[in-house]
Amino acid sequence: MHKMDQQITMSDTTHSSQNSPQKTPQAEKPWNGRFTEPTDTFVEAFTASVTFDQRMYRQDIAGSVAHAKMLAHIGVLSIDEKEQIIDGLAQIKTTIEAGEFNWSITLEDVHMNIEAALTDLIGITGKKLHTGRSRNDQVATDIRLYLRDEIDLIITELKRLQNALVDLAEQEAGTIMPGFTHLQTAQPVTFGHHMLAWFENLERDCSRFIDCRKRVNIMPLGAAALAGTTYPIDRAFTAQELGFEGICENSLDAVSDRDFAIELTADAALLMTHLSRFSEELVLWASAQFNFIELSDSFCTGSSIMPQKKNPDVPELVRGKTGRVNGHLISLLTLMKGQPLAYNKDNQEDKEPLFDTVDTLKGSLKVYADMMQHVTVNKESMREAAIRGFSTATDLADYLVRAGVPFRDAHEVVGKAVRLGIDSKRDLAEISLQELQQFSDKIQADVFDVLTLEGSVSARNHLGGTAPEQVRAAVIRARDRIKKTS
Ligand code: ARG
């Protein structure tokens, strides 16, 4: 029947239904009865959404099938009419998926395109499908169904990334790196512990998406244009058909609410912000100056002019794309802020930011999950950096406190020892006992147990601490937690 018109632009407004070549575009408008003049050609393209909302065709068809079943259930459609509609919609779906559907700008959006195609295909019965509903509750339903599917895919990718981080944490539970505050070497930590910090961020993100899904999965259908419908509809029947967990309680709210979309975008912006921070670390760590990690060649690019370069494009791009998603959140909030109840055409502007948010987030999660499975860890460089930064200074202070020195005094003693280390280019563990004792007579031979990197990390052996033993235990708990939320 229809052919795919790949090239719809704002200047292309022709509708070429092969079954009705004699119809003028104006004749196809559902509101034609009321209008005497045709739509301005530019306005037609300007107000259309089919170029982007066609991506919801699956949800639109599922919603129509459920609606038709409900209409038959309450006796508004005959069984035969219902069957014709369901068969027709199935054929249309096949045509769309074969890339042979002719999307027409004249028919404005995905909803009217599919409805018109159905009428082309099955005749007058197609025109009965829209009984007791409006595009206003239809579009709200489509978006919710679409986001419900996408949230499930997002969570799957998120878990894949979490698993990659947990595997890396297990593998590097005892690998020591400098921990930073102010990007200055602070105390030694284990690389596994650092990876699990990002796992925690993502775990909160995951729970936000799971929570958001509850508010997405509520059915607006039945609200019709804004006030409900005069037909004795059975909304519980339709909701069950579509797998909705609840039904919007208020028809005005049902057609105008886009909170759920804003909420999803906020969750996405926060998740992207986490990935952006993580990206910043990966970019630093992959530099020659840090040399903590190497990203696999398949996730990097080279330079066309500088042969030595290997650029961490993937983390850089994810960091960059975060700006886009944060921008979409502001777009959607601003889109809603001036709208009176109920539906306004402004709402059509919700889709592009929402779709791009979903695409950007899914892409970023996918590439991250793959990339983190192929990270090479340069244990030696990390270790050297931890030593160079006097990262066990706090351990020396704690040692003195345990020997009865007040913390402030201990802080000063350690400061002097660090000064000596800097001047003589030695790590604390390389300074002799006699030299250390000139700063405090409480320092004994056992001090070297705490001055080593291993001693330092192993001593932080409590829940949430960086000790390798704790990291291994946290890995086991993390795997359990991933399973619980699947
Ligand atoms: N394309 C529209 C949108 O995305 C569908 C709803 C149109 N409703 C209307 N009354 N014009 O919001």
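Residues numbered from 1 in each chain as written. Predicted model: local features only at pLDDT ≥ 70, side-chain atom pairs only at ≥ 80, totals over all residues. Heavy atoms only, no water.

Close approach of charged atoms allows side chains with opposite charge to pair. Under the definition given, this model contains 33 salt bridges. The partner of E294 in a salt bridge is K310, with the nearest N and O atoms 3.1 Å apart. Of this pair, E294 sits in strand β5 (residues 293–295) while K310 sits in the loop between β5 and α11 (313–337), and the two are 16 residues apart along the sequence. On the accessibility criterion, E294 (41% relative accessible area) is partly exposed. Connected through shared salt-bridge partners, E108, D109, R135 and K345 make up one network. (Salt bridge = Lys/Arg side-chain N within 4 Å of Asp/Glu carboxyl O. Helix = DSSP H or I, 4+ residues; strand = E, 2+ residues; numbered from the N terminus. Buried < 20%, exposed > 50% of the residue type's maximum accessible area, 1.4 Å probe, protein only.)

Moving on, we come to the confidence of the model for the chain. Looking at the chain as a whole, the pLDDT averages 93, with 94% of positions reaching at least 70. Across residues 1–27, where pLDDT falls below 50, the model places 64 contacts with residues more than four positions away in sequence or in other chains. (pLDDT = per-residue confidence, 0-100. Contact = heavy atoms within 4.5 Å.)

Once that is clear, we can look at the site of the ligand. Taken together, S49, D53, D109, H111, R135, N136, V139, Y343, Q348 and K351 make up the full set of residues near the ligand. Here D109 contributes a side-chain N or O atom positioned 3.1 Å from a nitrogen atom of the ligand. When the free accessible area of the ligand is taken as 340 Å², the share hidden by the protein chains comes to 86%. By residue class, the composition of the shell around the ligand is two nonpolar, four polar and four charged. (Near = heavy atom within 4 Å. Polar contact = N/O pair within 3.5 Å; in protein donor to acceptor, adjacent residues only side chain to side chain. Areas by Shrake-Rupley, 256 points an atom, 1.4 Å probe, with all protein chains shown as cover. Nonpolar A, V, L, I, M, F, W, Y, C, P; charged D, E, K, R; others polar.)

Of the consecutive residues L341 and A342, the connecting peptide bond is found in the cis state with omega at 0°. Relative to the elements of secondary structure, A342 occurs in the loop between α11 and α12 (351–371). At E108, a position not held by glycine, the phi torsion is positive, near 65°. Its location among the elements puts E108 in the loop between α4 (79–97) and α5 (110–122). With phi around 60°, H182 is a residue other than glycine that occupies positive phi space. Of note, H182 is situated in the loop between β1 (176–181) and β2 (184–190).

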